[in-house]
Amino acid sequence: AHSALEAIEARKDLNAFLHVDADLTLEQARNADAAIKAGKPAALTGVPIAHKDVLVTKGWRSTAASRMLANYVSPFDATVVSRLADAGAVSLGKLNCDEFAMGSGNQTSAFGPVRNPWDPNAVPGGSSGGSAAAVAAGLVMAATGTDTGGSIRQPAALCGISGIKPTYGTVSRLGLIAYASSLDQAGPIARHARDLLELLEPMAGFDPLDSTSLEFCDGAPNGPGRIRSRFDAAIARQQKNGSRPLEGLRIGVPREFVGEGLSPDVAQAVENALKTFESLGAVRVEISLPRTELSIPAYYVIAPAEASSNLSRYDGVRYGHRAESYKELDDMISRTRFEGFGPEVRRRVLIGTYVLCHGYYDAYYLQAQRVRRMIANDFQQAFAQHCDVIMGPVAPTVAKAIGDNREDPIADWLADIYTLGVNLAGLPAMSVPCGFGTERPLPVGLQIIGNYFAEGELLAVADCFQ
Ligand code: GLN
């Protein structure tokens, strides 16, 4: 643990960590030692991890990378944090991210941008940018992330590692500082699919304290062993197939994912990956997800609407920052919020409040919900009729330079095109590294999308490729 903390110190340039506390980490490390000496190691005993700062932790501050919560310490641990601790993992601290997880490049953090370990002038992706950078730089074996519209998959892709966003409702949201509650889902980021499995197993599971937590998944209890047993069964099928482990696996490639707007860098790497899958026995089928483009406006109505409601709790009374000088109550609240929130968060709150206004509600929010349903149906039709998994790019380009989209938030929003639909539908999806760009030699990620509760199968497909 000492050397891990020294390594974090030595890579301060990345700005991946927001909060380390040697005492807290060493205490957990001693417990891990004791468990090993007692001959009772748990699944993750001694494995060094760290948590995205939108997951609350009893010891470390939990800031959501916002000035609003700069000094906030939670009285309890998020369920995923306590479950990973119970599994023996040792947390090295809290990881930088976009403010309240709103962003795609880790550039909206109130505590400065994170740098991509592959290129210090490139973004690591976002919003779980600190998580991806810390894993890619070898500072931790794995990290937690959260994915509302791509925030696990996209930074994993841009940093050349792997990440999975589980089916909505399989991982508890208790203690996940809410951005858009109907979309937010936590998951692991690590190098390899098998590492993701080891983390996701303890993270997932029914939590009676989260009202959207599922008790059952496809009839099986949402509990220990659910994902592993499906993974093991898929691996066993692969092994039976010998040198063509994926024989018969139908891979749907949405034509809307490989057309206009995709950079040649990414297109080539994804194409090579698909060829590899074919050589492993899979068959490729062209499919259509006709509302792919509409996922952007639908998401950027629904997510800000929910955010404006969730973030109304930061009023200077209940949590965090309060303006120092003010006239009366209203003035206190508006000054507090102006000082505490950065520009991207304020933009989202404004949009969200607008689309929920009486008079605009039907035209924007209700319409977006209808589109959301159609997007979910499109995925279901693809899985019912054409394919077992869906593959395509995670992001249209490799990592951009830090500062590139600062003045143009819409450019960032458009780049979420391949990831948003999955969240709107609540499906599981992952990112695995599939090579490097040729124009800009930075990592490219392949996205693998599965039907509800198919985390185990997705990880097995990824394992075969890695
Ligand atoms: N880029 C998207 C957004 O800003 C997704 C973020 C996320 O998944 N947390 O909303």
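Residues numbered from 1 in each chain as written. Predicted model: local features only at pLDDT ≥ 70, side-chain atom pairs only at ≥ 80, totals over all residues.

Considering the UniProt feature "active site" (unreviewed entry) in the protein
Inference 1: In the numbering used here, UniProt assigns the feature "active site" (unreviewed entry) to Lys52, Ser127 and Ser151. Spanning 100 residues, the named residues form one tight spatial group whose C-alpha atoms are at most 11.0 Å apart.
Inference 2: By the secondary structure assignment, Lys52 is in strand β2 (residues 48-52).
Inference 3: For Lys52, a count of 33 C-beta atoms within 10 Å translates into the label buried.
Inference 4: Not counting residues up to four positions away in its chain, the partners in contact with Lys52 are Leu95, Cys97, Ser128, Gly130, Ser131, Ala143, Thr144, Gly145 and Thr146.
Inference 5: On the secondary structure map, Ser151 appears in the loop between β4 (142-146) and α5 (153-158). (UniProt positions renumbered as here; feature names shortened; annotations may be inferred. Helix = DSSP H or I, 4+ residues; strand = E, 2+ residues; numbered from the N terminus. Buried ≥ 20, exposed ≤ 12 C-beta atoms within 10 Å, placed from the backbone. Contact = placed C-beta atoms within 7 Å.)

Side note on the nonpolar core
Inference 1: Residues Ala134, Val135, Val140, Val389 and Ile448 are the most contacted members of the largest nonpolar core, which totals 140 residues.
Inference 2: Looking at this core, the element that brings in the most residues is helix α9 (residues 295-310), giving eight residues.
Inference 3: Dropping the residues within four chain positions of it, Val140 is found in contact with Pro48, Ile49, Ala50, Leu92, Ala134 and Val135. (Core = buried A, V, L, I, M, F, W, Y, C linked by C-beta atoms within 7 Å.)

Looking at the sheet that holds strand β12 (residues 429-436)
To summarise the sheet geometry, strands pair through backbone hydrogen bonds and adopt either a parallel or an antiparallel arrangement.
Inference 1: Reading across from one edge, β1-β3-β2-β4-β6-β5-β12-β13-β11-β9-β10 is the order of the eleven strands in this open sheet, with mixed pairing throughout. Looking at which strands have only one partner, the edges of the open sheet turn out to be β1 (17-19) and β10 (283-287). Sheet twist, expressed as the average angle between the axes of neighbouring strands with direction ignored, equals 35°.
Inference 2: As paired elements, β1 and strand β3 (residues 90-95) share two bridges and run antiparallel to each other. Considered in β3, the bridge of His19 is made with Lys94. (Pairing = 2+ DSSP bridges. Axes fitted to C-alpha atoms, helices over the stretch in contact; angles between N-to-C directions.)

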